[in-house]
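# Architecture at a glance
These are the residues of each chain, in order.
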Amino acid sequence: MKLLEGKTVLVTGASTGIGRAAAIGAAQHGANVAINYANSDGPAQSCVAAIEALGQRAIAVKGDVADPQTAQDFVARAVDAFGKVDVMVSNAGICPFHAFLDMPVDVVERTFRVNLHGAYFMVQAAAQQMVKQGHGGSIVAVSSISALVGGEYQTHYTPTKAGVHSLMQSTAIALGKHNIRCNSVLPGTILTEINKDDLADDEKRRYMEQRTPLGRLGAPEDLAGPIVFLASDMAAYVTGAALLVDGGMYVNLQ
Ligand SMILES: NC(=O)C1=CN([C@@H]2O[C@H](COP(=O)(O)OP(=O)(O)OC[C@H]3O[C@@H](n4cnc5c(N)ncnc54)[C@H](OP(=O)(O)O)[C@@H]3O)[C@@H](O)[C@H]2O)C=CC1
Ligand SMILES: C[C@H](O)[C@@H]1OC(=O)[C@H](O)[C@@H]1O
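Everything numeric here is computed off the predicted structure, so don't read it as measured data. (Residues numbered from 1 in each chain as written. Chains lettered and ligands numbered in written order. Predicted model: local features only at pLDDT ≥ 70, side-chain atom pairs only at ≥ 80, totals over all residues. Heavy atoms only, no water.)

### Quick look at the pairing of strand β4 (residues 87–90)
Every regular strand shows the same layout, with side chains that alternate between the two sheet faces. Spelled out, the test is: To sort residues, take the accessible area from a 1.4 Å probe on protein chains only and compare it with the maximum for the residue type: under 20% means buried, over 50% means exposed, and anything in between is partly exposed. Numbered from the N terminus, helices here are DSSP runs of H or I no shorter than four residues, and strands are runs of E no shorter than two. Should DSSP find at least two bridges between two strands, the strands are regarded as paired.
Residues V87 and V89 line one face of β4 and the alternating positions M88 and S90 line the opposite face, and both faces are buried. Here 3 bridges tie strand β1 (residues 8–11) to β4, and the two strands are oriented parallel to one another. In the strand pairing of β4, V11 is matched with V89. The sheet contact formed by β4 and strand β5 (residues 137–142) spans 4 bridges and is parallel. Within the sheet, the bridge partner assigned to V87 lies in β5 and is S138.

Have a look at this one:
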C-alpha cells in the first residue's frame, strides 16, 4: 500500500543520511518530493535521480536553513513545482563534536541557528502554506534521543534537539485547529556523515553498539518507515508525539 500517493513532501537536509532516506521513502510511497540541502550538489542531484527512477517528480533547492529566507524560498519553489505542500520533514542538522569548557562561541551559535532556528522557520513556512491551502498537513521533525539524554561532546547540540522536540509539542497545539499534525522522531545513533569521524574510533563505535538492545547501530533507512508513517493518514490522530527510533538504546540502563 502506498501511504503518500499524490502528496507533496518537502525534506530539509536531504542530500545525505536520514533526510535522503526519508525523501526516497516518501517517493516509494507515491509522493513528489522537494529536497533542501546546503552544500553537497552531487549527492542532492543523486537523491533527485533516485526519486525520479521511482517514477516520482523531485526538485533540489540549495539553501542554508539558518537563514529564515531559505524556508520561504524552499516552500515557494515546491509550490511552483508541485502546486502544494502536504508534508514537511524538518531534518537538516549539524553536530560538530566539541568539549564543553573551551567550546567556541561560533560553534554554539551556528549549531543553534542551523538545528533550532532552521527547524523553527521551516516549520513556520510550511505551516503558513498549509493553512493557506486549507486542507491540513503533516509536519515531522527529526529530533533525537539526545532530546532526552546528554552527551559530553554535545552540550551545544542536545539543547537544540530538546528544542525541536518541544517545538513539535507547541506547534501541535498551535496548528491542531488547522488539522496540521506535528510530531517528531528521535533517532538513536544512525550511521551517517554527521558521526563518521566520531564513530571511526572503534572503541566508541563498539560501545555504542553494545548499548543497543537490537545489537546494531541504525541505518538512515531505519528512519524512513517511521517518518512516512507519521507523515501519512495512517497517523491521522497522532499529533504532539515523539517516536524513539533507536534500537532500544534509550531504555537500556543496565
Ligand atoms: N545520525 C545520527 O545518529 C542522528 C542524527 N540525528 C539528526 O538527523 C538529522 C540528519 O542528520 P544525518 O542524516 O545523521 O546527517 P548527515 O550529515 O548525513 O545529513 C545532514 C543533512 O543536513 C544538511 N544540512 C546541514 N547543514 C545545513 C544547513 N545549514 N542548511 C541546509 N541543510 C543543511 C546536509 O546538507 P549538505 O550535505 O549539503 O551540507 C545534509 O543533507 C540531523 O538533524 C541530526 O541532528 C538525530 C539523531 C541521531
Ligand atoms: C551525531 C551523533 O552520533 C548522533 O546524533 C544524535 O542526535 C545522537 O546523539 C547520536 O549519537
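Next comes the rest of the write-up.
### Some remarks on the site of ligand 2
Stated precisely, the cut-off is as follows: What makes a residue near a molecule or strand is one non-hydrogen atom of that residue sitting within 4 Å of it. Two N or O atoms count as a polar contact when they lie within 3.5 Å, although within protein this holds only if one can serve as hydrogen donor and the other as acceptor, and sequence-adjacent residues are included solely when both atoms are side-chain atoms. Here the Shrake-Rupley method, with its probe set to 1.4 Å, supplies the accessible areas, and only the displayed protein chains count as covering residues. All amino acids are sorted into three groups, where Ala, Val, Leu, Ile, Met, Phe, Trp, Tyr, Cys and Pro are nonpolar, Asp, Glu, Lys and Arg are charged, and the leftover types, Gly among them, are polar.
Close contacts around ligand 2 come from C95, F97, S144, S146, Q154, Y157, G188, T189, I194 and N195, and that covers them all. Within the side chain of Y157, one N or O atom sits 2.6 Å away from an oxygen atom of ligand 2. Coverage of ligand 2 by the protein amounts to 90% of the 290 Å² it exposes when considered alone. Looking at the shell around ligand 2 residue by residue, the classes come out as 4 nonpolar, 6 polar and no charged.

### Section: the side chain of S138
Put simply, the rule is: Any two residues having at least one pair of non-hydrogen atoms within 4.5 Å are treated as being in contact.
Take S138: it is sitting in strand β5. Accessibility expressed as a relative area gives 2% for S138, which makes it buried. A polar contact of 3.1 Å, which involves the side chain of S138, links it to the backbone oxygen of L230. Non-local contacts of S138, meaning those with residues more than four positions away in its chain, are made with D86, V87, M88, M130, R181, L230 and A231.

### Points about the site of ligand 1
In the region of ligand 1, 33 residues are neighbours, and N39, S40, N91, Y157 and T192 sit closest. Protein chains bury 93% of the 900 Å² of accessible surface belonging to ligand 1 in isolation. Among the secondary structure elements, those contributing two or more residues to the shell around ligand 1 are α1 (17–28), β2 (32–37) and α4 (105–133). Class assignment for the residues of the shell around ligand 1 results in 13 nonpolar, 16 polar and 4 charged.

### Things to note about the sheet that holds β1
Within a sheet, neighbouring strands are paired by backbone hydrogen bonds and run either parallel or antiparallel to one another. Convention followed: Lines are fitted to the C-alpha atoms to define the axes, a helix being fitted only along its stretch in contact, and any angle between axes, read from their N-to-C directions, falls within 0 to 180 degrees.
In space, the 7 strands of this open sheet follow the order β3-β2-β1-β4-β5-β6-β7, with parallel pairing throughout. Sheet topology places β3 (58–62) and β7 (242–245) at the edges, where each strand pairs with a single neighbour. Neighbouring strand axes in the sheet, compared pairwise and without regard to direction, differ in orientation by 15° on average. Bridge analysis of β2 against β3 gives 5 bridges, and the strand direction is parallel. Its bridge partner being in β3, N36 is matched across the sheet by V61.

### Considering α4
Helical geometry: 3.6 residues make up each α-helical turn, so side chains three or four residues apart lie on a common side. Formally: Expected helix span is taken as 1.5 Å per residue step, with the number of steps being one fewer than the number of residues. The quantity called bend is, for any residue, the angle between two axes fitted respectively to the seven residues ending at it and the seven beginning at it.
Counted at 1.5 Å a residue, the expected span for α4 with its 29 residues is 42 Å, and the 41 Å between its end C-alpha atoms agrees. Along α4, the helix axis deviates most sharply at R113, where the bend reaches about 30°. Count one or two residues on from α4 and you reach G134, which has phi positive near 85°.

### A word on the packing of α1 against helix α7 (residues 221–231)
Rule in force here: Angles are sorted into four bins: roughly parallel if under 35 degrees, roughly antiparallel if over 145, roughly perpendicular if 65 to 115, and oblique for all others. Left-handed describes a crossing whose near helix is turned anticlockwise from the far helix through less than a right angle; right-handed describes the clockwise counterpart.
Look at α1 against α7: their axes get within 8 Å of each other, and the N-to-C directions meet at 50°. Comparing the axis directions of α1 and α7 gives the class oblique. Viewed along their axes, α1 and α7 form a crossing whose handedness is right-handed. For the pair formed by α1 and α7, the contact residues are I18, A21, A22, G25 and A26 on the first element and E221, L223, A224, I227 and V228 on the second. Class assignment of the residues belonging to the contact of α1 with α7 gives a composition of 8 nonpolar, 1 polar and 1 charged.

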